[in-house]
Amino acid sequence: MRSIKTKLLSLSMALAMLLALAGCNLSTPSSVGTIGGVEIPAGVYLLAQYNAYNTAANLADLATGETANDVKAVLKAECTGTIGDEEVTATGAEYVEKLTQRAIEYYAAVETKFAELGATLEDAATSEVADSVESMWESNGDLYEANGIGKSSLETYLLNAQKASAILDLLYGPQGTEPVTDEEYTDFVNNSCYYIESVQIPLVDYSTYTMADDEQKDQIMQIAEQCREQLSEESNSETLSSTALYEAAMTYVPQAMEAIGATMEDATQAMYYAGSGLYTPDDLASYGGEDYNNLTDPLDEVGMNQWVTINLGTTVLVARRIDPFKTYTIAQLTSMYDLLTPLKSEELQNQFYADGAAMEHALDEGAMKTYSASNIKKNV
């Protein structure tokens, strides 16, 4: 009997030890190591990995019936896309790994440069991050938590983006170490931006979200052409008073709305459909690619200062491209528009990626295996 008790006691002790060991194994590392001496918090790594997965899922060659939410399918599928300047074809798992590594290298480079500059974030930047975190958490908090990403990790990640923006200004802003010159800004505006005057003639009744039918579209195109003719007559080769632009909008926008069965009780509301502004390369890119741009190509075809009608699908734009320097100085334009970001941000981002990749990597392979992309959850 004593022997049996001893064996049972030994078995109980062994089980207790195994459970204790299992408890140790279940604990999760707080970081995945360092890059350039910058600690990469586990939550930041998981968020970078989650974002990388979403990119890979959009590129994955999935079989019929498989979706971006099928994590196993995405990680096995072939993905082809551009990472940096390189076109990459890899399995989803490899693609996620490459993008995740690139993201944490970028994170480390930003943290390092920010510290080197002795910089601090302004209250407005930290408040913006706090508001964004609350909004994102309210929308997707359950999903973030399911993937091991806490609010503090989300905040750290967004603060890193704010630090990158601060570095941009500290390097290239008016008081920066390498400030962009007026000549550089002028060249950018002349060669990469479009300053456009326009009247928007609607093709949609937004009160009912009803699209104009073919007959109505033909009628609206005729109205837009009348608007173009009037603006052409009232403007010389370079200038047009804002009053004339608003008057054109108040004349033709209500007519177009009437054509699609809508009404505008106060014609002065049509003034919101007229205006002018500077379009940066990022703005212009939303209208098409290199092969054809729905906005810039029609403007280029008629040339500077010439009015043209452009069907953009939900609106007909009566527009022309003009030289902003006939009205504004470069100092005025830089105060009115953020030209620094489109001019220098890509260059700085590429530098962060290069610097991060060149830093000494002391990453914990075991920790990264613990946080394998196969554990990603797309539904909660």
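This report concerns the structure included in the present document. Fair warning: this is a prediction, and the values are worked out from it, not measured in the lab. (Residues numbered from 1 in each chain as written. Predicted model: local features only at pLDDT ≥ 70, side-chain atom pairs only at ≥ 80, totals over all residues. Heavy atoms only, no water.)

1. A look at the overall build of the protein
Scanning the protein from N- to C-terminus turns up 14 helices and 11 strands. The globule rule puts the C-alpha radius of gyration for 380 residues at 21 Å, and the 29 Å found for the protein is more than 25% above it. Split into buried and exposed, the 380 residues of the protein put 39% on the buried side. Here the analysis covers contacts within the protein between residues at least 6 apart in sequence; of these, 66% occur between residues at least 24 apart. Entry remark: accessible area of the protein is about 21400 Å², with carbon and sulfur atoms responsible for 48%. Charged side chains in the protein number 19 positive and 58 negative. The centres of these two groups are separated by 18 Å. (Helix = DSSP H or I, 4+ residues; strand = E, 2+ residues; numbered from the N terminus. Rg over C-alpha atoms; globule rule 2.2 N^0.38 Å. Buried < 20%, exposed > 50% of the residue type's maximum accessible area, 1.4 Å probe, protein only. Contact = heavy atoms within 4.5 Å. Areas by Shrake-Rupley, 256 points an atom, 1.4 Å probe, with all protein chains shown as cover. Lys, Arg positive; Asp, Glu negative; His and termini not counted. Charge placed at Lys NZ, Arg CZ, Asp CG, Glu CD.)

2. Here we look at a negative patch on the surface
The grouping of Asp85, Asp282, Asp283 and Glu346 at the surface amounts to a negative patch. Residue aspartate 85 is classed as exposed on the basis of its relative accessible area, which comes to 83%. (Patch = residues over 30% accessible without salt bridge, like charges linked within 9 Å, V, L, I, M, F, W, Y side chains within 5 Å. Salt bridge = Lys/Arg side-chain N within 4 Å of Asp/Glu carboxyl O.)

3. Digging into the sheet that holds strand E2 (residues 38-41)
Here we have three strands laid out as an open sheet, ordered E2-E1-E11, and antiparallel in their pairing. For this open sheet the edge positions go to E2 and strand E11 (361-363), each flanked by a neighbour on one side alone. Neighbour-to-neighbour, the strand axes of the sheet open up by a mean angle of 15°, direction not taken into account. Bridge count for strand E1 (residues 31-35) against E2 is three bridges, and the pairing is antiparallel. (Pairing = 2+ DSSP bridges. Axes fitted to C-alpha atoms, helices over the stretch in contact; angles between N-to-C directions.)

4. Regarding the packing of helix H5 (residues 123-146) against helix H6 (residues 151-172)
At a minimum axis separation of 9 Å, H5 and H6 run at an interaxial angle of 140°. Our classification of the angle between H5 and H6 gives oblique. In the crossing of H5 with H6, the sense of the turn from one axis to the other is right-handed. Here H5 contributes Ala125, Thr126, Glu128, Val129, Ser132, Val133, Glu134, Met136, Trp137 and Tyr144 to the contact with H6, which in turn contributes Lys151, Leu154, Glu155, Leu158, Leu159 and Gln162. Along the lines of polarity and charge, the residues of the contact of H5 with H6 split into nine nonpolar, three polar and four charged. (Parallel < 35°, antiparallel > 145°, perpendicular 65-115°, else oblique. Left-handed = near helix turned anticlockwise from the far one by under 90°. Nonpolar A, V, L, I, M, F, W, Y, C, P; charged D, E, K, R; others polar.)

5. Here's the deal with the packing of aromatic side chains
Taken as a whole, this structure holds five aromatic pairs when the rule is applied. Measuring from centroid to centroid gives 4.8 Å for tyrosine 106 and tyrosine 353, while their planes differ by 45°, and the two rings are tilted. A residue pair is termed long-range when its members are at least 10 positions apart, and tyrosine 106 in helix H4 (residues 92-116) and tyrosine 353 in helix H13 (residues 340-358) qualify at 247 residues. For tyrosine 106, a relative accessible area of 17% gives the class buried. Aromatic side chains tryptophan 137 and tyrosine 144 sit 5.9 Å apart centroid to centroid with 15° between the ring planes, which places their arrangement in the stacked category. Since its relative accessible area comes to 17%, tryptophan 137 is described here as buried. For tyrosine 144, a relative accessible area of 10% puts it in the buried group. Ring pairs connect the aromatic residues Tyr106, Phe352 and Tyr353, which therefore count as one cluster. (Phe/Tyr/Trp six-rings, centres within 6.5 Å; stacked < 30°, edge-to-face > 60°.)

6. Brief notes about the pattern of salt bridges
Taken as a whole, this structure holds six salt bridges when the rule is applied. A salt bridge links lysine 163 to glutamate 111; its shortest N-O distance comes to 2.9 Å. On the criterion of sequence distance, the pair formed by lysine 163 in helix H6 and glutamate 111 in helix H4 is long-range, its members being 52 residues apart. Across the pair, glutamate 111 and lysine 163 agree in class, each one buried. A salt bridge links glutamate 225 to arginine 228, with the shortest nitrogen-to-oxygen separation between them at 2.7 Å. Note that glutamate 225 and arginine 228 are positioned in helix H8 (residues 214-234) at a spacing of three residues, about one turn of the helix. Judged by its relative accessible area of 27%, glutamate 225 falls in the partly exposed class.

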